[in-house]
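Each chain, written out:
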Amino acid sequence: MTDDVMRFFATWLFTHEAADEEIKAAIRRGIAEGPEGMTGGRDAFVDGLAAMVEEEKEKLKLDLEARARGEQVSEEKESDPALDEIRFEVAELRGRLDTMESLLETILRKLGE
């Protein structure tokens, strides 16, 4: 039974080591290609995503280290202009939908009279 348990953990460790190496390779490829590289090739999107996740992981590590030292960490993130534009457009659409809903309710009330 001990051999089975050891074999299980050895297999588990080997699998994770192999996956780690593949992730590291994807990160290197993604960093080398940059954001534009995510559209080319079969694995380009995965490579680009892995590079972005790696960047976020590094930010998280710095944040956790700062917290461990007792430093105040800003929860405010930098504003992304593209994301801000999308948020604005969504807010505009919500406003239009609210207006349409109100008009429909008014029409339905008048039809019901």
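Above this text you will find the structure in question.
Along each chain, residues carry numbers from 1 onward, in the same order as the chain's sequence is written. For this predicted model, a pLDDT threshold of at least 70 governs which residues receive local features, and a threshold of 80 or more governs which side-chain atom pairs are given and counted, while totals over whole chains, interfaces and linings are taken from all residues. Note that water and hydrogens are dropped before the side-chain values are worked out from all heavy atoms of the structure.

1. Quick look at the overall build of the protein
Moving on, step 1. A count of helices and strands for the protein gives 3 helices and 0 strands.
Moving on, step 2. Numbered from the N terminus, helices here are DSSP runs of H or I no shorter than four residues, and strands are runs of E no shorter than two. Helices (α) and strands (β) of the protein occur, in sequence order from the N terminus, as α-α-α.
Moving on, step 3. With respect to the principal axes defined by its C-alpha atoms, the protein has extents near 80 × 40 × 40 Å.
Moving on, step 4. Only protein chains enter the accessibility calculation, which uses a 1.4 Å probe. A residue is then buried if its area is under 20% of the maximum for its type, exposed if over 50%, and partly exposed in between. Within the protein, the fraction of its 113 residues that count as buried is 13%.
Moving on, step 5. Using a 1.4 Å probe, accessible areas were evaluated by the Shrake-Rupley method; residue-level cover was limited to the displayed protein chains. Accessible area for the protein stands at about 10300 Å²; split by element, carbon and sulfur atoms hold 61% of it.
Moving on, step 6. We score Asp and Glu as negative and Lys and Arg as positive, and we do not count His or the chain ends. Taken as the charge centre is NZ of Lys, CZ of Arg, CG of Asp or CD of Glu, depending on the residue. Put simply, the protein has 16 plus and 29 minus side-chain charges, and the middle of one group is 1 Å from the middle of the other.

2. Quick notes on the pattern of salt bridges
Moving on, step 1. In what follows, salt bridge is the name for a side-chain nitrogen of Lys or Arg lying within 4 Å of a carboxyl oxygen of Asp or Glu. With the rule as written, the count across this model stands at 9 salt bridges.
Moving on, step 2. In this structure, Glu54 and Lys57 form a salt bridge, with 3.2 Å as the shortest nitrogen-oxygen distance. Residue Glu54 and its partner Lys57 are located together in helix α2 (residues 44–68), separated by 3 residues, close to a single helical turn.
Moving on, step 3. Classification of Lys57 as partly exposed rests on a relative accessible area of 38%.

3. Focus: α2
Moving on, step 1. Here α2 spans 36 Å end to end across 25 residues, near enough to the 36 Å set by a 1.5 Å rise per residue.
Moving on, step 2. Along α2, the residues that are buried comprise Ala44, Asp47, Gly48, Ala50, Ala51, Glu54, Asp63 and Ala66.
Moving on, step 3. When checking whether two residues touch, look at their non-hydrogen atoms; a contact exists if any pair is within 4.5 Å. At its buried positions, α2 is contacted by α1 (2–33).
Moving on, step 4. Directly after α2, the chain includes Gly70, whose backbone phi takes a positive value near 85 degrees. Residue count minus one, scaled by 1.5 Å, sets the expected span of a helix.

4. Description of the packing of α1 against α2
Moving on, step 1. Axis lines are fitted to C-alpha atoms, over the contacting stretch for helices. Their N-to-C directions set the angle, which ranges from 0 to 180 degrees. Where α1 contacts α2, the two axes come as close as 7 Å, and the packing angle between them is 95 degrees. The angle between α1 and α2 falls in the class roughly perpendicular. Between α1 and α2, the contacting residues are Ala26, Ile27, Arg29, Gly30 and Ile31 on the first element and Asp47, Gly48, Ala50, Ala51 and Glu54 on the second.
Moving on, step 2. The nonpolar class holds Ala, Val, Leu, Ile, Met, Phe, Trp, Tyr, Cys and Pro. Asp, Glu, Lys and Arg form the charged class, and all remaining residues, Gly among them, are polar. Class assignment of the residues belonging to the contact of α1 with α2 gives a composition of 5 nonpolar, 2 polar and 3 charged. Every angle not falling under 35 degrees, over 145, or within 65 to 115 is termed oblique; those three ranges are roughly parallel, roughly antiparallel and roughly perpendicular.

Just geometry here; none of it tells us what the structure is for.
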